[in-house]
Amino acid sequence: MDWGSVTAQDLVDALREVEWSSPPRPVSEFFSRFTVPRSYSKWSSRLKCNLYYYRTNYFILMIFILAIGFLRKPLAIIAALSTGFSIALLNDSFAVTFNEKITRSVRQISPHLAAKMRPPIMPVLRGRPSVKRAIHICGRPRWMFVLIFSAASSTVWIISCNLLTVLWALLIGLFATLLHGTFRTPNLKARLNTFREEFRAVWRNYSEL
């Protein structure tokens, strides 16, 4: 993939659709080789590639920095976890997997209730859905759960600590991510992983035809 031609919106869409259930990259690989990019185009391409390839590592890094900043405030740690969960729900793969696990657990207790948690059936025209299927969790639109957890985490943030402290922790986390993404040289595994994800995306689109 030519990461130089990938826009920020394309990167956001890819991060939203890609699977986040994969384990993080090993620490030895995460801190393996660092070099200075030679040009702005090289820096832009490297940063996008690393953000995509090390997405799980960066996510854990952000949560870890927030947790370290509030070790003496348990409510703040709960708020950090709630914020991370609401962000994770924005990813299609995570939301679908979470919904399947919840539905499977409820089905063991009450099959009737699990049947009510199914997403609404989309109308089909000429063998294809008339509109793009939206993500549902427990039979409700995903945005409802994102809004609920975001509001809850924001309330706990305000109650537990100073908002300025939260902003500083987020800035440090973003700076650490930007610093690593800038100087970490993409390896062969990152490029092969990109090609594999491209193939999966093409195959997914082909199977939906």
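Residues numbered from 1 in each chain as written. Predicted model: local features only at pLDDT ≥ 70, side-chain atom pairs only at ≥ 80, totals over all residues. Heavy atoms only, no water.

- Under an unreviewed UniProt entry, the name given to the protein chain is PRA1 family protein, and the organism recorded is Spirodela intermedia.
- Its UniProt record gives the protein chain a comment under Sequence similarities (unreviewed entry), which states: "Belongs to the PRA1 family." (UniProt positions renumbered as here; feature names shortened; annotations may be inferred.)

### Re the packing of aromatic side chains
- Going through the model one piece at a time under the given rule, you end up with 10 aromatic pairs.
- For the ring pair Tyr40 and Trp43, a centre distance of 5.6 Å and an interplane angle of 40° mean the geometry is tilted. Residue Tyr40 and its partner Trp43 are both found in helix H3 (residues 40-53); the two are separated by three residues, about one turn of the helix.
- Ring centres of Phe94 and Phe98 lie 6.4 Å apart, and the angle between their planes is 5°; on these two criteria the pair is classed as stacked. On the criterion of helical spacing, the pair formed by Phe94 and Phe98 is a turn pair, its members being four residues apart in helix H6 (residues 92-109).
- Note on Phe94: relative accessible area 29%, which makes it partly exposed.
- Taking the relative accessible area as the measure of exposure, Phe98 reaches 25% and is therefore partly exposed.
- Across the ring face of Tyr53, the terminal group of Arg25 is positioned such that the distance to the ring centre comes to 3.9 Å.
- The aromatic ring of Tyr52 is capped on one face by Arg55, whose charged end is 5.0 Å from the ring centroid. (Phe/Tyr/Trp six-rings, centres within 6.5 Å; stacked < 30°, edge-to-face > 60°. Helix = DSSP H or I, 4+ residues; strand = E, 2+ residues; numbered from the N terminus. Buried < 20%, exposed > 50% of the residue type's maximum accessible area, 1.4 Å probe, protein only. Lys NZ or Arg CZ within 6 Å of the ring centre and 35° of its normal.)

### What to know about a positive patch on the surface
- On the surface, a cluster of positive charge is made up of Lys101, Arg104, Arg107 and Arg118.
- Locating Arg118 in the fold gives a position in the loop between helix H7 (111-116) and strand E1 (124-125).
- The exposure class of Arg118 is exposed, given its relative accessible area of 60%. (Patch = residues over 30% accessible without salt bridge, like charges linked within 9 Å, V, L, I, M, F, W, Y side chains within 5 Å. Areas by Shrake-Rupley, 256 points an atom, 1.4 Å probe, with all protein chains shown as cover. Salt bridge = Lys/Arg side-chain N within 4 Å of Asp/Glu carboxyl O. Lys, Arg positive; Asp, Glu negative; His and termini not counted. Charge placed at Lys NZ, Arg CZ, Asp CG, Glu CD.)

### Points about the pattern of salt bridges
- Inspection of the entire model under this criterion finds one salt bridge.
- Ionic pairing is found between Arg142 and Asp92, a salt bridge with its closest N-O pair at 2.8 Å. Here Arg142 is found in helix H8 (residues 142-160), whereas its partner Asp92 is found in helix H6, with 50 residues between them in sequence.
- Taking relative accessible area as the criterion, Arg142 reaches 15% and is therefore assigned buried.
- Classification of Asp92 as buried rests on a relative accessible area of 15%.

### A few points about the UniProt feature "transmembrane region" (unreviewed entry) in the protein chain
- Per the UniProt entry, the sites bearing "transmembrane region" (unreviewed entry) are residues 52-71, 77-98, 143-160 and 166-183 in this numbering.
- For residues 77-98, helix accounts for 86% and strand for 0%, while the C-alpha atoms at its two ends are 22 Å apart.

### Overview of the confidence of the model for the protein chain
- Per-residue confidence for the protein chain gives a mean pLDDT of 75; residues scoring 70 or more make up 70%.
- Here residues 202-209 scores under 50 on pLDDT; set against residues more than four positions off or in separate chains, the count is one contact. (pLDDT = per-residue confidence, 0-100. Contact = heavy atoms within 4.5 Å.)

### Quick word on H8
- Along its 19 residues, H8 runs 27 Å from first to last C-alpha, staying within 8% of the 27 Å computed at 1.5 Å per residue.
- Within the span of H8, buried status applies to Arg142, Val146, Ser153, Trp157 and Ser160. Taken end-on, H8 shows its buried residues confined to a sector of 80°, consistent with a single buried face. Opposite its buried face, H8 presents the exposed residues Leu147, Ile148, Ile158 and Ile159, each directed more than 90 degrees away. (Expected span 1.5 Å × (residues − 1). Arc of directions from axis to C-beta.)

### Some details on a nonpolar patch on the surface
- There is a patch of nonpolar side chains on the surface, built from Leu164, Leu167, Trp168, Leu170, Leu171, Ile172 and Leu174 and spanning about 690 Å² of accessible area.
- Turning to its location among the elements, Leu174 is positioned in helix H9 (residues 163-183).

### Let's talk about the packing of helix H5 (residues 74-88) against H8
- Closest axis-to-axis distance for the H5/H8 pair is 8 Å, and the angle between their directions is 155°. In terms of orientation, H5 and H8 fall into the roughly antiparallel class. In the packing of H5 onto H8, the handedness of the crossing is left-handed. Here Leu75, Ala76, Ala79, Ala80, Ser82, Thr83, Phe85 and Ser86 of H5 come into contact with H8, specifically with Val146, Phe149, Ser150, Ser153, Val156, Trp157 and Ser160.
- Partitioning the contact of H5 with H8 into residue classes produces nine nonpolar, six polar and no charged. (Axes fitted to C-alpha atoms, helices over the stretch in contact; angles between N-to-C directions. Parallel < 35°, antiparallel > 145°, perpendicular 65-115°, else oblique. Left-handed = near helix turned anticlockwise from the far one by under 90°. Nonpolar A, V, L, I, M, F, W, Y, C, P; charged D, E, K, R; others polar.)

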